[in-house]
Amino acid sequence: HEGPIETDAVIVGAGPVGLFQVFELGLLEIKAHIIDSLPYPGGQCIELYPDKPIYDIPAVPVCTGKELTDNLLKQIEPFGATHHYGQEVTVVQKQDDGRFYVETSKGTRFLTKTIFIAGGVGSFQPRTLKVDGIEAYDDKQVFYRVKNPAQFAGKNTVIVGGGDSALDWTLNFVQDGPNKAESVILIHRRDGFRAAPASVAKMRELCEAYEMQFIVGQITGIEERDGRMTGVKVTGGDGVTRVVPMDMLLIFFGLSPKLGPIAEWGLNIERKQIVVDTEKFETSTPGIFAVGDVNTYPGKKKLILSGFHEAALAAFAAAPYIFPEKRIHLQYTTTSPKLHKVLGVE
Ligand code: FAD
C-alpha cells in the first residue's frame, strides 16, 4: 500500500484561478498538485462558456473561455504541477505536525503544508440517474455529457431531461447530419420544458412527423442481457411501467452547483462562500487559503481578474509555511535572473 503524496501545496479546483495559482506559487518555487472533479481543466470557462468571448482580462482585448484556459495551461507549464482530474477533494484534515491530510474521491491522498481552495461555485458534477445497476454502463452506454457525438450515430438513443442540453442534443441526433441516430426517444418527467421555446416547438414538430418520440415518465429500472444494457423501464404518469429498448442513454439532469465537501472542512463560511482576509486570502484555518469565486470579503467581485490578484497575494502569504527560514522578496519577471531560471527562459 503506497503512502500519501507529500507536497508543499495542493490546489483544489482547476478553474482559471486555480490554474493561475500554480503560476504564482511557481514563481516562489513552490510546487503544487492541482485537483478537479471535472475530467479537464478550465472550470466555469470550459464547462459553461467555452466559445463565448471574455473582454475583461487585462491586456487581452478578447478571448474565449477555451482560449483563456489554453493560455493559462501554457503559462503554467514551466512549473510542472501535477494535475489530477476526474476526482473530487472530499477530505481535508489538519495533522498533529501542522500539515494537512487531503483525500479525493478516487482515493488519491496527500500530506501538504498548504492548501489553496479555488473551488469556484462548487464542484461541477452532473446529477446522476439513480437506478440500480446503471453505474456499470457509465461511459459505455450511459452518458452525462456528449464528448464525441459520432458515438451516437446510427444508434437507438434515449435522451432524458427537459433543459437546453437535452433538447439541443435531441434535435442534433434526429436531424440529418453526420451524427444522425437510428432513432431518438426523449423522456422527461413532465410535459413542460426549461429549454428554449423554439427548440421545444421543433421537437414537437419532429414528433408529429414521426421522426422521433417524446415520452412523459421517469426511468425506474434497466434491462440487461449478456453484459449489455438493452433498455430502460419507464414509469409513466399513469403508473404503468413500459420497457423502452435502447443502445445509448444520454442523461441531462443538470450540474449540481453545490459547494460540496468544502463545507465540511471546518472553515468559516458565509452564504456558501469561504471567508478570507484581503491581506493573505487566508481562511479561518491558518495554512488554508481560498481564492476566486469561492471566497468572500468586503467588496468581493466574482471576476477572473480579481481571482488572479488573490492568487498572487495568497502565494506570498503561503511562502513562510513552506520556507520558514527564507525572506521572500518581490521580483519582476522582466528582470529577475532567478525568475528567468524558474520560468525556463534563460
Ligand atoms: P471556477 O471557474 O468555478 O472553477 C472551480 C473549479 O473547482 C471547478 O472546475 C470545480 O469542478 C472545481 N471544484 C470545486 N470543488 C471541488 C472539489 N471539492 N474537488 C475538486 N474540484 C473542485 N468573469 C470575468 O471576469 N469576465 C467575464 O467576462 C465572465 N463571463 C462569464 C460568463 C458566464 C456565462 C459565466 C457563468 C461566468 C463568467 N465569468 C466571467 C465569471 C468567471 O467565469 C468566474 O469568475 C471564474 O470562472 C472563477 O474562477 P474560479 O477558478 O474561482 O472558479
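Residues numbered from 1 in each chain as written. Predicted model: local features only at pLDDT ≥ 70, side-chain atom pairs only at ≥ 80, totals over all residues.

- Going by the annotation in an unreviewed UniProt entry, the name recorded for the protein chain is Ferredoxin--NADP reductase, with Piscinibacter aquaticus given as the source organism.
- Here is the UniProt Catalytic activity (unreviewed entry) comment for the protein chain, exactly as written: "2 reduced [2Fe-2S]-[ferredoxin] + NADP(+) + H(+) = 2 oxidized [2Fe-2S]-[ferredoxin] + NADPH". (UniProt positions renumbered as here; feature names shortened; annotations may be inferred.)

## Structural notes on the overall build of the protein chain
- Within the protein chain, the secondary structure is distributed over seven helices and 21 strands.
- A principal-axis box enclosing the C-alpha atoms of the protein chain has dimensions of 75 × 45 × 40 Å.
- The burial tally for the protein chain puts 36% of its 346 residues in the buried class.
- Considering only contacts in the protein chain between residues 6 or more positions apart, those separated by 24 or more positions represent 61%. (Helix = DSSP H or I, 4+ residues; strand = E, 2+ residues; numbered from the N terminus. Buried ≥ 20, exposed ≤ 12 C-beta atoms within 10 Å, placed from the backbone. Contact = placed C-beta atoms within 7 Å.)

## Here we look at the site of the ligand
- Around the ligand sit 38 residues in total, of which Gly13, Gly15, Gly43, Gly120 and Gly292 are the nearest.
- Looking at the shell around the ligand, the elements that each hand over two or more residues are α1 (16-27), α2 (44-47) and α6 (304-322).
- In terms of residue class, the shell around the ligand is made up of 20 nonpolar, 13 polar and five charged. (Near = placed C-beta within 6 Å. Nonpolar A, V, L, I, M, F, W, Y, C, P; charged D, E, K, R; others polar.)

## Side note on the pairing of strand β7 (residues 100-104)
- The alternating pattern of β7 places Phe100, Val102 and Thr104 on a buried face and Tyr101 and Glu103 on a face that is not buried.
- In this sheet, β7 lies alongside strand β6 (residues 89-94) in antiparallel orientation, the contact comprising five bridges. In the sheet register, Lys94 faces β7, and the bridge partner there is Phe100.
- Connecting β6 to the next strand, β7, in antiparallel fashion are five residues, including Gly98 with a positive phi near 90°.
- Bridge count for β7 against strand β8 (residues 109-117) is four bridges, and the pairing is antiparallel. Considered in β8, the bridge of Glu103 is made with Arg109.
- From the end of β7 to the start of β8, which pair antiparallel, there are four residues, and Gly107 there has a positive phi angle of about 90°. (Pairing = 2+ DSSP bridges.)

## Focus on the UniProt feature "binding site: FAD" (unreviewed entry) in the protein chain
- When the UniProt feature table is mapped onto this chain, "binding site: FAD" (unreviewed entry) is found at Asp36, Gln44, Tyr49, Val89, Phe124, Asp293 and Thr334. With a sequence span of 299 residues, these residues are also far apart in the fold, their greatest C-alpha distance being 37.0 Å.
- Mapped onto the elements of the fold, Val89 is located in strand β6.
- Ignoring any residue separated from it by four or fewer positions in sequence, one finds Val89 in contact with Val12, Ile35, Val102, Thr104 and Pro261.
- Locating Phe124 in the fold gives a position in the loop between β8 and β9 (125-126).
- A residue is classified by how many C-beta atoms lie within 10 Å of it, and Phe124, with 23 of them, is buried.
- Once you skip the residues sitting within four places of it in the chain, Phe124 turns out to touch Ser37, Leu38, Glu47 and Leu255.

## Some thoughts on the nonpolar core
- Within the largest apolar cluster, 49 residues are counted, with the highest numbers of intra-cluster contacts made by Ile11, Ile115, Phe116, Ile117 and Phe289.
- Excluding residues within four positions of it along the chain, Ile117 makes contact with Val12, Gly13, Ile262, Ile274, Ile288, Phe289, Ala290 and Val294.
- Phe143, Trp169, Val174 and Ile219 belong to the second-largest nonpolar core, a separate cluster that totals 32 residues. (Core = buried A, V, L, I, M, F, W, Y, C linked by C-beta atoms within 7 Å.)

## Description of the domain arrangement of the protein chain
- Each domain of the protein chain was delimited in the assignment, giving domain 1 (5-124 + 257-343) and domain 2 (126-254).
- Measuring from the centre of the C-alpha atoms in domain 1 to the corresponding centre in domain 2 gives 37 Å. (Domains from an automatic or database assignment.)

## Focus on the packing of α1 against α6
- Where α1 meets α6, the closest approach of the two axes is 9 Å, and the angle between their N-to-C directions is 35°. Of the two possible hands of crossing, α1 and α6 adopt the one that is right-handed. Across from Pro16, Val17, Phe20, Gln21, Glu24 and Leu25 in α1, the residues of α6 making contact are Ile304, Gly307, Phe308, Ala311, Ala312 and Ala315.
- Class assignment for the residues of the contact of α1 with α6 results in nine nonpolar, two polar and one charged. (Axes fitted to C-alpha atoms, helices over the stretch in contact; angles between N-to-C directions. Left-handed = near helix turned anticlockwise from the far one by under 90°.)

## What about unusual backbone geometry?
- Within the chain, Asp226 stands out as a residue other than glycine whose phi angle is a positive 50°.
- Its place among the elements puts Asp226 in the loop between β13 (213-225) and β14 (228-236).
- Of note, Arg271 is a non-glycine position whose phi angle comes to about 40°, a positive value.
- One can find Arg271 in the loop between β18 (269-270) and β19 (273-275).
- Judged by local crowding, Arg271 falls into the exposed class, with 6 C-beta atoms found within 10 Å.

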